[in-house]
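Here is what each chain is made of, one letter per residue.
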Amino acid sequence: MAHSSRLEQKLQQEILARKNAEKLLAERTADLQDTDNTLQHRAQILVDKTATLRQEQLELEQVRLRLIISEKMAAIGQLASGAAQQIQQPLGFISGNLNMLDDYLDDLHLVIDQQDQCLKTSGYFHLFKSGQSAKITKLKKLKKKLNFDFLAADMTSLLDDCIDGALSAQKMIDDLCEFSRTENTGLAEEDINDLLDRTVNLASSELYYRADDVRQYGNLPKILCDGGRLVHAFLNILLNAAEAIKCKGTITLRTGVHSSMLWIDIADTGPGIPEDKLGKIFDPFFTSKESGTVSGLGLHQVKLAVEAHDGRTTVMPRMGQGTTFRVMLPIDRYGDMASN
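Residues numbered from 1 in each chain as written. Predicted model: local features only at pLDDT ≥ 70, side-chain atom pairs only at ≥ 80, totals over all residues. Heavy atoms only, no water.

Draft legend 1. Inspection of the overall build of the chain at higher detail. Broken down by element type, the chain carries nine helices and seven strands. Here the chain holds 340 residues, and the buried ones make up 32% of them. Considering only contacts in the chain between residues 6 or more positions apart, those separated by 24 or more positions represent 75%. Here the chain has roughly 21,400 Å² of accessible surface; of this, 55% comes from carbon and sulfur atoms. (Helix = DSSP H or I, 4+ residues; strand = E, 2+ residues; numbered from the N terminus. Buried < 20%, exposed > 50% of the residue type's maximum accessible area, 1.4 Å probe, protein only. Contact = heavy atoms within 4.5 Å. Areas by Shrake-Rupley, 256 points an atom, 1.4 Å probe, with all protein chains shown as cover.)

Given below as structure tokens:
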């Protein structure tokens, strides 16, 4: 009897322990369910925030591209105001020379008409008859009066000037059109010296009355780069250099290779950069010019463009003696990319 009672007691204990275990399991299951719900909720929040961040990143990229385009358009506007005058000069040569050629042709027609009258005879052997002899004398006097030999020689020179002027105007227009393209041109093998020449040609209207350009180029290997973006960067430096020169000065462009880097120096003979502004010149929206006249993004865009090519930009001012901007671009990285 006592044995049966003990078994019944143990059974009751096991039943109670089992109920407690089931209760604990249910509580733990509920806790896990709550934790799972919380994690799912947080995961959804993370997904939503990730989507928001991506959208904000896309919007920021669009803003950045608009700023680049805006800065480029501002540079184009600045260039165009002087380019019109620069283009007018070769076009003036063309127009003036063509007008002179038109007058020359009228004179040549007179000579040719006189010759035709001399040759309209019954035969060549009658040229020296008294009537024909007078016509020949008149023809010689006309040729002497019109300076026929000079006209014939000068026509060639005028035509050459017209051709050179037309080519010069076309080159400037082509460079402006190339520079004004807003789409990404992508990477291509470029000669930095050629890009600098293109930049100087674009800025020629700004440089004409401000500075003489001196080019001291080294022998550079071609690199894989975004040529349009680098031209824009060089142009910003060049325009800043031109604006810094108060009287007629000099802008010197030098290039070379040091170790695994290309270097490009653009030096002006302006007054230099004050010490208190030196650390801010690459900051966005910083400008030392009159408020509202510029965006203050020019040198900041230079920094971004060079850094996008894994390069770096430094400035070396000498108060009262000018400023030198140095751009360093790596060679090896682009060579590896080109070989892949």
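Draft legend 2. Geometry of the sheet that holds strand β6 (residues 312–318). With respect to topology, five strands assemble into an open sheet ordered β2-β4-β5-β7-β6, the strand pairing being mixed. Two strands bound the open sheet, and with one partner strand each, they are β2 (211–216) and β6. Within this sheet the neighbouring strands show an average axis-to-axis angle of 15 degrees, counted without direction. The sheet strands contacting helix α4 (residues 192–202) are β2, β4 (249–258), β5 (261–268) and β7 (322–330), and the helix crosses β4 at an angle near 165 degrees. Strands in contact with helix α6 (residues 227–244) are β4, β5 and β7; relative to β5, the strand with the most contacts, it is inclined by about 25 degrees. (Pairing = 2+ DSSP bridges. Axes fitted to C-alpha atoms, helices over the stretch in contact; angles between N-to-C directions.)

Draft legend 3. Looking closely at α4. Every buried residue belonging to α4 is among Ile192, Asn193, Leu195, Leu196, Thr199, Val200 and Leu202, and all of these are buried. One side-chain oxygen of the residue at the start of α4 lies 2.8 Å from the amide nitrogen of Asn193, identifying that residue as Asp191. (Polar contact = N/O pair within 3.5 Å; in protein donor to acceptor, adjacent residues only side chain to side chain.)

Draft legend 4. Broad picture of the nonpolar core. Counting 38 residues, the largest nonpolar core has Ile192, Phe234, Ile251, Ile264 and Leu329 as the members making the most contacts within it. Secondary structure elements with two or more residues in this core: α4, β3 (223–225), α6, β4, β5, α8 (298–308) and β7. Of all the elements, α6 adds the most residues to this core, at 10 residues. Not counting residues within four places of it along the chain, the set of residues in contact with Ile192 comprises Leu220, Ile223, Leu230, Phe234, Leu262, Ile264 and Leu329. Among the nonpolar cores identified, the runner-up in size contains eight residues, and Leu108, Leu146, Leu151 and Leu158 belong to it. (Core = buried A, V, L, I, M, F, W, Y, C linked by side-chain atoms within 4.5 Å.)

Draft legend 5. Representation of the packing of aromatic side chains in the model. For the structure shown, the criterion picks out zero aromatic pairs. A cation over an aromatic ring shows up here: Arg326 above the ring of Trp263, its NZ or CZ 4.7 Å from the ring centre. (Phe/Tyr/Trp six-rings, centres within 6.5 Å; stacked < 30°, edge-to-face > 60°. Lys NZ or Arg CZ within 6 Å of the ring centre and 35° of its normal.)

Draft legend 6. Examining the pattern of salt bridges more closely. If you walk through the whole model with that rule in mind, you get five salt bridges. In this structure, the salt-bridge partner of Lys248 is Asp212, at a minimum N-O distance of 3.7 Å. On the criterion of sequence distance, the pair formed by Lys248 in the loop between α6 and β4 and Asp212 in strand β2 is long-range, its members being 36 residues apart. What makes Asp212 partly exposed here is its relative accessible area of 42%. For Arg215, the salt bridge goes to Asp213, with nearest N and O atoms at 2.8 Å. Under the relative-accessibility criterion, Arg215 is labelled partly exposed at 39%. (Salt bridge = Lys/Arg side-chain N within 4 Å of Asp/Glu carboxyl O.)

Draft legend 7. Geometry of α6. In this model, α6 (18 residues) spans 26 Å end to end at C-alpha, consistent with the 26 Å of a helix rising 1.5 Å per residue. Across the 18 residues of α6, 13 count as buried, placing the element largely inside the fold. (Expected span 1.5 Å × (residues − 1).)

Draft legend 8. Geometry of the confidence of the model for the chain. Confidence in the prediction for the chain averages 76 pLDDT; 70% of positions are at 70 or higher. Contacts of residues 334–340 to residues separated by more than four positions or lying in other chains number eight contacts, the stretch itself having pLDDT below 50. (pLDDT = per-residue confidence, 0-100.)

Draft legend 9. Summary view of the packing of α4 against α6. At a closest axis distance of 9 Å, the pairing of α4 and α6 adopts a crossing angle of 50 degrees. Judged on the interaxial angle alone, α6 and α4 are oblique. The two elements α4 and α6 cross, and the hand of that crossing is right-handed. Every residue of α6 that contacts α4 at Ile192, Leu195, Leu196, Arg198, Thr199, Val200 and Leu202 is listed here: Gly227, Leu230, Val231, Phe234, Leu235 and Leu238. Here the contact of α4 with α6 is composed, by residue class, of 10 nonpolar, two polar and one charged. (Parallel < 35°, antiparallel > 145°, perpendicular 65-115°, else oblique. Left-handed = near helix turned anticlockwise from the far one by under 90°. Nonpolar A, V, L, I, M, F, W, Y, C, P; charged D, E, K, R; others polar.)

Draft legend 10. Just the environment of Ala241, in detail. Take Ala241: it is sitting in helix α6. Counting along the chain gives 28 residues from Ala241 to Thr269, while the straight-line C-alpha distance between them is 8.2 Å. Setting aside residues no more than four positions away along its own chain, Ala241 makes contact with Ile251 and Asp268.

Draft legend 11. Geometry of unusual backbone geometry. One non-glycine residue, Ser259, lies in positive phi territory at about 60 degrees. Tracing the sequence through the fold places Ser259 in the loop between β4 and β5. Not every positive phi belongs to a glycine, and Asp310 is a case in point at roughly 60 degrees. Counting through the fold element by element, Asp310 comes out in the loop between α8 and β6. A relative accessible area of 44% means that Asp310 is categorised as partly exposed.

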